[in-house]
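Spelled out from the first residue to the last, the chains are:
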Amino acid sequence: MSSGIVFEQVSKSFPVREERGARNGRTRKGGSADFAAVRDVSLEIAAGEFLAVVGPSGCGKSTLLDLLGGLAEPTSGRVLVDGKPVRGPGLDRGVVFQQYALLPWRTAQANVEFGLEAKRVPRRERRERAREYLSLVGLDGFADRYPHELSGGMKQRVAIARSLAFDPGVLLMDEPFAALDAQTRESLQEELLRIWQRTGKTVVFITHGIDEAVYLGERVAVLTARPGRVKEIVTVDLPGRGDADGDVRSSPEFAHHRHEIWSLLRDESAARPGAPAARTESEAVHV
Ligand code: ADP
Ligand code: MG
């Protein structure tokens with residue numbers, strides 16, 4: 001099961017006290033102003049697609065994901081999942097955050113069962129499904145461990161299993177691998193591609209890593225600096241992506257797309273008044 005997603009001219013502003021908001025937004029009586037985090041985002045994501053979203057820090061990536069997850073409402077515009085406006089969080093969308101967000105008093109197994117309890121899945125089926133998804137994320141034999149007994153990478157695997165277990169059409173991921181070491185990150189990226197291929201979910205994956213975006217996304221939406229708008233959507237054609245034995249990251253196609261996205265982000269940081277042009281890929285996203 002997978003679902004299509006549409007952002008229709010979506011904007012999101014936050015009311016802030018005047019000192020912070022005055023420069024960027026309209027000042028209101030009473031000393032508050034609107035601070036635009038995301039402006040006029042239109043985007044269509046096909047059912048079953050893997051879309052990566054990359055943009056400078058603070059450009060509104062998490063805000064976009066919160067709108068999709070139903071944790072925030074757009075100030076204007078609409079967000080549709082399967083043609084229906086998002087009205088709040090729901091089991092049709094699974095969310096994985098950078099912080100593992102596991103319940104510390106529950107084992108890996110019981111954490112995965114959590115969403116199934118909300119869906120009133122009978123006990124025995126819950127057990128079986130949790131085992132199945134722990135196995136899918138490579139955690140056979142770790143069902144009875146508590147979060148503090150698991151490494152960062154394993155915790156994130158549990159979080160992914162928990163989101164997948166209630167079979168949402170959409171998997172929303174907000175920099176889920178950012179806190180992991182490089183090697184663990186790469187192996188989880190590979191695993192995620194494998195899981196995506198097996199389950200056919202629609203995946204929206206937020207990252208500030210250019211390599212990560214190129215490696216994972218069938219398309220990469222490059223956002224502008226705040227307020228975030230879609231600057232360009234890059235279609236990434238990577239033969240052999242996700243092959244465990246291939247070295248796709250060293251291919252000329254990979255280098256080409258990495259440079260393409262880096263240039264878009266560099267222009268973005270250079271376009272901001274007072275901001276020096278980024279010289280390295282890491283600077284391009286940390287403006
Ligand atoms: P990103 O995830 O791309 O780093 P965010 O979506 O978290 O960016 O934030 C975009 C902008 O909106 C930032 O400047 C942030 O400070 C601001 N922002 C986010 N959430 C709120 C909020 N609840 N209230 C006020 N400002 C917010
Ligand atoms: Mg963020």
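As a reminder, the structure under discussion sits directly above these lines.
Description of the structure in this document. A quick note: this is a predicted structure, and the numbers were derived from the prediction, not measured.

Calculation rules
Residues numbered from 1 in each chain as written. Chains lettered and ligands numbered in written order. Predicted model: local features only at pLDDT ≥ 70, side-chain atom pairs only at ≥ 80, totals over all residues. Heavy atoms only, no water. Pairing = 2+ DSSP bridges. Helix = DSSP H or I, 4+ residues; strand = E, 2+ residues; numbered from the N terminus. Axes fitted to C-alpha atoms, helices over the stretch in contact; angles between N-to-C directions. Contact = heavy atoms within 4.5 Å. Salt bridge = Lys/Arg side-chain N within 4 Å of Asp/Glu carboxyl O. Buried < 20%, exposed > 50% of the residue type's maximum accessible area, 1.4 Å probe, protein only.

## A short note on the pairing of strand E4 (residues 76-81)
Consideration 1: Relative to E4, strand E1 (residues 5-17) runs antiparallel, the two sharing five bridges. From the neighbouring strand, phenylalanine 7 faces E4, where its bridge partner is valine 79.
Consideration 2: Sheet topology note: the E4/strand E5 (residues 84-85) ladder contains two bridges and is antiparallel. In the strand pairing of E5, leucine 80 is matched with proline 85.

## Overview of the sheet that holds strand E10 (residues 230-235)
Consideration 1: Strand order in the open sheet formed by six strands is E6-E7-E8-E3-E9-E10, with mixed pairing between adjacent strands. Looking at which strands have only one partner, the edges of the open sheet turn out to be strand E6 (93-96) and E10. Averaged over all adjacent pairs, the angle separating strand axes in this sheet is 15°, with direction ignored.
Consideration 2: By the bridge criterion, five bridges tie strand E3 (residues 50-54) to strand E8 (residues 202-207) in an arrangement that is parallel. Looking across to E8, one finds that phenylalanine 50 is bridged to valine 203.
Consideration 3: Contacts between helix H2 (residues 61-69) and the sheet are confined to E3, E6, strand E7 (170-174), E8 and strand E9 (219-223), with E7 contributing the most and set at about 150° to the helix.

## Quick look at the pattern of salt bridges
Consideration 1: Enumeration according to the criterion identifies twelve salt bridges in this entry.
Consideration 2: Note that glutamate 117 is salt-bridged to arginine 106, the shortest N-O span being 3.0 Å. Taken together, the residues glutamate 117 in helix H3 (residues 108-118) and arginine 106 in the loop between E6 and H3 connect sequence positions eleven residues apart.
Consideration 3: Judged by its relative accessible area of 17%, arginine 106 is buried.
Consideration 4: Between aspartate 211 and arginine 258 there is a salt bridge; the shortest N-O distance is 3.1 Å. Note that aspartate 211 is positioned in helix H7 (residues 210-216) and arginine 258 in helix H8 (residues 252-271), a separation of 47 residues in sequence.
Consideration 5: The class of aspartate 211 is partly exposed, set by a relative accessible area of 30%.
Consideration 6: Overall, arginine 258 belongs to the partly exposed group, its relative accessible area being 22%.

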